[in-house]
Number of protein chains: 2
Amino acid sequence: MFNSTAILRKHGIPVTAQRLALLRAVGARPHATADALAEAVRAEIGTISKQAVYNTLGTLVEKGILRRIQPAGSPARYEGRVGDNHHHLICRSCGKTVDVACVVGERPCLRASEDSGFRIDEAEVIFWGTCPRCLGKDGAQQAGPVKPQDFCEQTNKPPN
Amino acid sequence: MFNSTAILRKHGIPVTAQRLALLRAVGARPHATADALAEAVRAEIGTISKQAVYNTLGTLVEKGILRRIQPAGSPARYEGRVGDNHHHLICRSCGKTVDVACVVGERPCLRASEDSGFRIDEAEVIFWGTCPRCLGKDGAQQAGPVKPQDFCEQTNKPPN
DNA sequence: AACAAAATGTGGACAGAGTCCATTTTTTAC
DNA sequence: GTAAAAAATGGACTCTGTCCACATTTTGTT
Ligand SMILES: [Mn+2]
Ligand SMILES: [Mn+2]
Ligand SMILES: [Zn+2]
Ligand SMILES: [Zn+2]
């Protein structure tokens, strides 16, 4: 109720109920989609427009307050863990997304073998695989992929 | 006129004019989008439906004949360079995409610091930066980003 | 070469994610 | 408290990609 306010003020961003609620929602649901965050905010303050969600998340990402990741096959996801240049590990079957610490820390953490004259500022790494739940108990692939909706505990949205 | 045919036959995929044309189009335009490939095919054989494009590219990716990459902020891109697990370097300003050799070769080429019980099969790496053209001559950022359309030589689509 | 079954291609409706825009409401600065 | 600036709203719209029913082409078998 004041921490988020301070963050917005510090960055010169006008403080609104929608922004505060979004910031709280992201804090509670790392790697959530814009849509999942919108629903979370609606549950808390009643209503927020799709546009306010996108505008706010966009602004917060620009200011470096949030981080946006856009894995293949998924809408964008947002998280409050910024500044540590960590990476992600995503289940191909159910979409479960977990953080993976970067051993280097600062970005870009990898060096490209040839830079083709580019000035490289980031090395984005996504590890793809199958999560423990989607693996059979013996490590074999289960019959059908676990549907994302079957899965998430807090929301009935694709998990994480 | 026979190489692509052989590839399809080898994988048990029925040979159609659309598939042959798509395969040629991808060969000539690495990292092109489905839409750009559709236009290229239309220029060559007159017409192809959007659905045939998506179905065929999907099948070819499944069979390992093509590779699909889905960088943030871009529609999917396709390339015929498969089996070498190379990575990509993308210009944030204009979208120019170039291959970066993987020093390891086989995938997953990176080890995650903790696997959280996942069975990891791929480490996807995208280097983000600014291409030589989008950098000023002294390395300073230009005033405005170069629009993708201003850029590509062969097509008037977003480059590479 | 001709045929039937299987697989593809086609066009058009539709869906998901995100953007644009005019208008209304809220926040900020004085 | 007021006025200017910034955000929020909601609805139209765009861009990628998918679904579906039906027409056409490929295959592989006579
Ligand atoms: Mn994360
Ligand atoms: Mn490539
Ligand atoms: Zn899973
Ligand atoms: Zn560029």
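Our subject is the structure that appears above.
In short, a report on the structure. In this text, all values refer to a predicted model and were calculated from it rather than measured experimentally. (Residues numbered from 1 in each chain as written. Chains lettered and ligands numbered in written order. Predicted model: local features only at pLDDT ≥ 70, side-chain atom pairs only at ≥ 80, totals over all residues. Heavy atoms only, no water.)

Examining the coordination of the zinc ion (ligand 3)
All names here are of chain A.
- Coordination sphere of the zinc ion (ligand 3), protein contribution only: Cys 91 (SG), Cys 94 (SG), Cys 131 (SG) and Cys 134 (SG), at 2.2 to 2.4 Å.
- The site at the zinc ion (ligand 3) holds four donor atoms, and with the angles between them running 103 to 115°, its shape is tetrahedral.
- Each donor residue of the zinc ion (ligand 3) belongs to the same chain, with the gaps between them written as C-x2-C-x36-C-x2-C. Within this pair, whereas Cys 91 is found in strand S4 (residues 87-91), its partner Cys 134 is found in the segment after strand S6 (119-130), the two being separated by 43 residues in sequence. (Donors = N, O, S within 2.8 Å, 3.2 Å for Na, K, Ca; no water. Tetrahedral: all angles 85-135°; square planar, octahedral: opposite > 155°, others 65-115°. Helix = DSSP H or I, 4+ residues; strand = E, 2+ residues; numbered from the N terminus.)

Here we look at the nonpolar core
- Ranked by internal contacts, the top residues of the largest apolar core, which has 29 residues, are A:Leu89, A:Phe127, B:Phe118 and B:Phe127.
- For this core, the secondary structure elements donating two or more residues are S4, strand S5 (97-100) and S6 of chain A together with strand S4 (87-91), strand S5 (97-100) and strand S6 (119-130) of chain B.
- Broken down by element, this core gets its largest block of residues, four residues, from S6(B). (Core = buried A, V, L, I, M, F, W, Y, C linked by side-chain atoms within 4.5 Å. Buried < 20%, exposed > 50% of the residue type's maximum accessible area, 1.4 Å probe, protein only.)

Quick word on helix H2 (residues 17-28) of chain A
- A rise of 1.5 Å per residue sets the reference length of H2(A), with its 12 residues, at 16 Å; its end C-alpha atoms lie 17 Å apart and thus fit the reference within 8%.
- Among all positions in H2(A), only A:Arg19, A:Leu20, A:Ala21, A:Leu22, A:Leu23, A:Ala25 and A:Val26 are buried. (Expected span 1.5 Å × (residues − 1).)

Re the coordination of the manganese ion (ligand 2)
Residues and elements named next belong to chain B.
- Every protein donor of the manganese ion (ligand 2) is accounted for by His 31 (NE2), Glu 79 (OE), Glu 79 (OE), His 86 (NE2), His 88 (NE2) and Asp 99 (OD), and the metal-donor separations fall at 2.0 to 2.7 Å.
- Around the manganese ion (ligand 2) sit six donor atoms; with metal-centred angles ranging over 53 to 171°, the donor geometry is irregular.
- Counting gaps between the donor residues of the manganese ion (ligand 2) yields the pattern H-x47-E-x6-H-x1-H-x10-D.

So, the interface of chain B and chain A
- Contacts between the two partners involve 39 residues from chain B, matched on the other side by 39 residues from chain A.
- Overall, the association of chain B and chain A removes approximately 3100 Å² of surface from exposure, summing both partners, and the carbon and sulfur fraction of that is 55%.
- Its largest share of buried area at the contact with chain A, chain B owes to B:Phe118, B:Arg119 and B:Phe127, together 22% of the area lost on that side.
- Inspection of the chain B/chain A interface yields four salt bridges. (Contact = heavy atoms within 4.5 Å. Buried area = accessible area lost by both parts, 1.4 Å probe. Salt bridge = Lys/Arg side-chain N within 4 Å of Asp/Glu carboxyl O.)

Comments concerning the sheet that holds strand S2 (residues 67-69) of chain A
Residues and elements named next belong to chain A.
- Overall, antiparallel pairing links the three strands, which are arranged S1-S3-S2 in an open sheet. Single-partner strands in this sheet number two, and they are strand S1 (32-33) and S2.
- Direction of pairing for S2 relative to strand S3 (residues 77-79): antiparallel, over a ladder of three bridges. Opposite Ile 69, over in S3, you have Arg 77 as the bridge partner. (Pairing = 2+ DSSP bridges.)

A closer look at the relation of the copies chain B and chain A
- When chain B is brought onto chain A, the operation consists of a screw motion whose angular component is 180° and whose axial shift is 0.0 Å, with 0.0 Å RMSD remaining. Both chain copies can therefore be described as sitting about a two-fold axis. Measuring from the rotation axis to each C-alpha of chain B, the shortest distance belongs to B:Val125, at 2.3 Å.
- Both copies present the same face, since 100% of the interface residues in chain B are matched by interface residues at the equivalent positions in chain A. (Least-squares fit on C-alpha atoms with pLDDT ≥ 70 in both.)

Considerations on the protein's contact with DNA strand D
- In the vicinity of DNA strand D, 19 residues are found, and the nearest of them are A:Thr16, A:Ser49, B:Val15, B:Lys50 and B:Gln51.
- Restricting the count to atoms of DNA strand D within 4 Å of the protein gives a sugar and phosphate share of 66%.
- Here a sugar or linking oxygen of DNA strand D sits 3.1 Å away from a polar atom, N or O, in the side chain of A:Arg19.
- A distance of 2.5 Å separates a base nitrogen of DNA strand D from a polar side-chain atom of B:Gln51.
- A total of four residues in the surface near DNA strand D trace back to one element, the largest contributor, which is helix H4 (residues 50-62) of chain A. (Near = heavy atom within 4 Å. Polar contact = N/O pair within 3.5 Å; in protein donor to acceptor, adjacent residues only side chain to side chain.)

Remarks on the protein's contact with DNA strand C
- What surrounds DNA strand C is a group of 19 residues, the closest being A:Lys50, A:Gln51, B:Thr16, B:Gln18 and B:Ser49.
- When atoms of DNA strand C within 4 Å of the protein are split into backbone and base, the sugar-phosphate part holds 66%.
- In the model, a phosphate oxygen of DNA strand C is placed 2.9 Å from a nitrogen or oxygen of the A:Val15 main chain.
- The separation between a phosphate oxygen of DNA strand C and a polar side-chain atom of B:Thr16 is 2.7 Å.
- Only H4 of chain A together with helix H2 (17-28) and helix H4 (50-62) of chain B provide two or more residues apiece to the surface near DNA strand C.
- In terms of residues, the surface near DNA strand C owes the most to one element, H4(B), which gives four residues.
- Among the residues forming the surface near DNA strand C, the class breakdown is eight nonpolar, seven polar and four charged. (Nonpolar A, V, L, I, M, F, W, Y, C, P; charged D, E, K, R; others polar.)

Points about the packing of H2(B) against H4(B)
Residue and element names in this part refer to chain B.
- Two elements in contact, H2 and H4, have axes whose closest approach is 10 Å; the angle formed by their N-to-C orientations is 70°. As far as their axial angle goes, H4 and H2 are roughly perpendicular. Considering how the two elements wind past one another, H2 and H4 form a crossing that is right-handed. Where H2 approaches H4, its residues Arg 19, Leu 22, Leu 23 and Val 26 are matched on the opposing element by Ala 52, Val 53, Thr 56, Leu 57 and Leu 60.
- Across the contact of H2 with H4, the residue classes tally to seven nonpolar, one polar and one charged. (Axes fitted to C-alpha atoms, helices over the stretch in contact; angles between N-to-C directions. Parallel < 35°, antiparallel > 145°, perpendicular 65-115°, else oblique. Left-handed = near helix turned anticlockwise from the far one by under 90°.)

What is shown is where atoms sit, not what they do.
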